[in-house]
Amino acid sequence: MNLKKTLVSTLLASVLCLPASAATVGASDLIPRPTEFIRGKGSFTIPSGGFSYSIKSQAKENLSDYLSLFPELFSPADKTSKANLAIEIGKGSGETYTIDITPRRINVKAPSEAGAFYAIQSLIQLTGIKGATEIQTGKISDSPRFAHRGLMFDVSRHFRSVDFLKKQIDAMALMKLNKLHLHFTDAAGWRMEIEKYPRLTEFAAWRPQATWQDWADNGARYCEKNDPRASGGYYTKNELRDLIDYAAHRNITVIPEIEIPGHSKEVTSAYPELSCAGVPYTDEDLCIGKEATFKFIEDVLDEVIEVFPSAYIHIGGDEASKSGWRNCPDCQARMKSEGLKDVDELQSYAIHRVEKYLNSKGRDIIGWDEILEGGLAPNATVMSWRGTEGGITALKSGHKVVMTPGEFCYIDYTQDAAFKEPVSIGGFTPLKKAYSYEPVDSSLTSEEASNLMGLQANLWAEYIPTDAHAEYMYYPRAFAIAEIGWSTPEKNYDDFHRRALVLNARLDSLGYNTFDLANEYGERRESLTPVVNSAIGATVEYTTPYHSKYPAAGNSTLVDGIRGGWTYGDKRWQGFLGDFEAIVDLGENRTVHSVAATFMHAPGAWVHLPDNVTVEISTDGIEFTPVETLWSDVDPMYPKIMMKNFAVATDAKARYVKVKAKGHNRPGAWLFTDEIVINCP
Ligand code: ACM
Ligand code: ZN
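Residues numbered from 1 in each chain as written. Chains lettered and ligands numbered in written order. Predicted model: local features only at pLDDT ≥ 70, side-chain atom pairs only at ≥ 80, totals over all residues. Heavy atoms only, no water.

Caption draft 1: Just the overall build of the chain, in detail. Across its full length, the chain holds 19 helices and 29 strands. The principal-axis extent of the C-alpha atoms belonging to the chain is close to 95 × 65 × 55 Å. Residue burial in the chain is summarised as follows: out of 681 residues, 59% are buried. When contacts within the chain are restricted to residue pairs at least 6 apart in sequence, long-range pairs at least 24 apart make up 74% of them. For the chain, the exposed area adds up to about 26,200 Å²; of that, 52% sits on carbon and sulfur atoms. Side-chain charges in the chain split into 71 positive and 89 negative, and the spacing between the mean points of these groups amounts to 6 Å. (Helix = DSSP H or I, 4+ residues; strand = E, 2+ residues; numbered from the N terminus. Buried < 20%, exposed > 50% of the residue type's maximum accessible area, 1.4 Å probe, protein only. Contact = heavy atoms within 4.5 Å. Areas by Shrake-Rupley, 256 points an atom, 1.4 Å probe, with all protein chains shown as cover. Lys, Arg positive; Asp, Glu negative; His and termini not counted. Charge placed at Lys NZ, Arg CZ, Asp CG, Glu CD.)

This is how it looks when you write it as structure tokens:
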């Protein structure tokens, strides 16, 4: 039993210290929005001493233990007849509940303990609204749309304490999220005690630098646990059992992720014999040719399933470089003996084998959508992150899926204008964008869609060094995930925004560091109105082709009068690897007053300003006269996202305007531009 109070529980209990002004709150204030509310007449006055409750339960009953954490809000009635909160729990399953609010009494009915728990969460949310004194009468009938409503915590890039995770579990429960996915292992540190492989936590869990960025900038090395510089940490099995139990009492399943075969440099550095090269700090991937690798994976998974009761074990599967496998005699021998035609099939062999092992132990695998490559393991569930295509493919072949497409569900992306936000990996996913996500693709039949388990937000933590920063990224965007996962698909962002402000304020009062939604800056202003551009509709000839991944609107992009927003991924910015050169044909000779092009800088995503931009003009398209070269005055590694406009003035006549941008020389650097603005009188 793990019901010990966290600070948050204590604070949640103090919700009845209400300010003097009376206010009626109701079902329409909840996040997630309940399935149905039939309004009654009048209101229920929130009792000044809290609810006196009775419970009639046919299940093994834990709810009263949970309610005892909130003595100011819930106390048992000495007689059932005196209860103003009557709770009835059946012996079924599921997360459904009803709350019948009458002027004198609130009746909760649920077929299961989980449903009753969520009814209580609704009451905790309502009574905690600042100033609430009355609850609107009526009947709330509520049940979730999806079974999987999750948040992922990347505890490898920056380790988080058990107390921090419990605090987030309390917030998750309040919004009816029910899956906590822990990304335990990655190059930045191994985080779970494994008795058979002690070097994972004596060595691979520690690094001489506290932040991921410093660690990455200093050669990405590990150190011994007792090194005075050691920063990082890991969870003991007992700590994890305690966490799992704490979560289970709040209807939350903890899903562990042990990443194979890529993202495993911490393993191949602690145990180099599991890599192709056989030496530390070399391979990101485990060697699939060596039997020792499978012995390692099975041993680790044995200890994972000994601790985690979750039906799912997440086995990663994303972004393996597969490069070492091509030249490794063991991997090549494996491919030959198993008749595997390429390294994708070699990865697929590994995933199939691990699935078979876990299935034999009564568990199922879930993995990132790369596990589709080379053939999906028969019982695997896919977590679709590179867009929704992988998830849709998996659903169409009868597999289960959890949707986490980066564009909507990656909350390591900036949530507001980058100039006012902390350094991030890039992207732009404000609350409105996250909330706009609809997980059921219109191409799916209802049978295919029935295997869609739900959705999840992922907070990759490379750029999230502190707990406070992590909370800032989760809230309020986790509210959007909660509502999409629970409520029916109808959406009204203005109403959601109103409720999000209320819940955000609530979390603030409970000591969470939320994003200041009330003072959101929003989208890049220039992108909201058409650009005045004399070149609109002109022909653009590209000397350097735009990249097939970032074409935006194709050949018209740079003269369509539309500027990009805060992210290069918004299909309004056009992307180039290396240099950029294009010629705009104005159709006739005109007087050109000025020529300008804006470029983006987002170094976390290898997007850099050009070192310089040159404008040349021509009347015949053959002989070009230079107008000016402008140089960037921004440090190429300035960590924040920004835009820079390069503008030159002239008064010459020209039909052809050439814009050349010299890409920054960091290997793999991108250039992104959204519009060539030419001003002719
Ligand atoms: C991922 O973001 N590499 C799953
Ligand atoms: Zn190998």
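Caption draft 2: Spotlight on the sheet that holds strand β25 (residues 612-618). Read across the sheet, five strands follow the order β21-β23-β28-β25-β26 without closing on themselves; strand pairing throughout is antiparallel. Each edge of the open sheet is held by one strand with a lone partner, namely β21 (539-542) and β26 (625-631). Adjacent strand axes in the sheet meet at a mean angle of 20 degrees, parallel and antiparallel pairs treated alike. Here β25 runs beside β26; their pairing, made up of six bridges, is antiparallel. Opposite Val615, over in β26, you have Glu628 as the bridge partner. (Pairing = 2+ DSSP bridges. Axes fitted to C-alpha atoms, helices over the stretch in contact; angles between N-to-C directions.)

Caption draft 3: Representation of the coordination of the zinc ion (ligand 2) within the structure. Looking at the zinc ion (ligand 2), the protein donor atoms are Cys276 (SG), Cys287 (SG), Cys328 (SG) and Cys331 (SG), and they sit 2.2 to 2.4 Å from it. Each of the four donor atoms around the zinc ion (ligand 2) contributes to a set of angles spanning 106 to 115 degrees, which defines the coordination as tetrahedral. The sequence motif formed by the donor residues of the zinc ion (ligand 2) is C-x10-C-x40-C-x2-C. Here Cys328 lies in the loop between α10 (323-327) and α11 (329-338) and Cys276 lies in the loop between α8 (265-270) and α9 (291-307), a separation of 52 residues in the sequence. Each member of the pair, Cys276 together with Cys328, is buried. (Donors = N, O, S within 2.8 Å, 3.2 Å for Na, K, Ca; no water. Tetrahedral: all angles 85-135°; square planar, octahedral: opposite > 155°, others 65-115°.)

Caption draft 4: The arrangement of helix α17 (residues 467-474) in detail. When you tally the buried positions in α17, you get six out of eight residues, the bulk of the element. In this fold, the buried residues of α17 make contact with β9 (148-154), α4 (162-174), β20 (452-459) and α18 (477-486).

Caption draft 5: Summary view of the sheet that holds strand β17 (residues 364-368). Taken together, eight strands build a closed barrel; the order of strands is β9-β10-β15-β16-β17-β18-β19-β20 and the barrel is parallel. With strand direction ignored, the average angle separating the axes of adjacent strands in the sheet is 30 degrees. Note: strand β16 (residues 312-316) against β17, three bridges, orientation parallel. From the neighbouring strand, Tyr312 faces β17, where its bridge partner is Asp364.

Caption draft 6: Spatial organisation of α4. End to end, α4 covers 19 Å across 13 residues, agreeing with the expected 18 Å (1.5 Å per residue, within 8%). Where burial is concerned, most of α4 is hidden: eleven out of the 13 residues are buried. For α4, the full list of buried residues reads Val162, Phe164, Leu165, Lys166, Gln168, Ile169, Asp170, Ala171, Met172, Ala173 and Leu174. Where α4 ends, the next residue or the one after it, Lys176, has phi of about 65 degrees, a positive value. (Expected span 1.5 Å × (residues − 1).)

Caption draft 7: Structural view of the side chain of Arg499. Along the chain, the position of Arg499 falls in helix α19 (residues 493-509). With a relative accessible area of 2%, Arg499 lands in the buried category. The residues contacting Arg499, other than those within four sequence positions of it, are Ser28, Asp29, Leu30, Ile31, Pro32, Arg33, Tyr435 and Glu483.

Caption draft 8: The pattern of salt bridges, seen in detail. The final tally for this structure, using the stated rule, is 47 salt bridges. Residue Arg33 pairs with Glu490 through a salt bridge whose shortest N-O separation is 3.9 Å. Of the two residues, Arg33 is situated in the loop between β1 (24-25) and β2 (36-45) and Glu490 in the loop between α18 and α19; the sequence distance between them amounts to 457 residues. Among the charged side chains, a network of salt bridges with common partners joins Asp29, Arg33, Glu483, Glu490, Asp495, Arg498 and Arg499. (Salt bridge = Lys/Arg side-chain N within 4 Å of Asp/Glu carboxyl O.)

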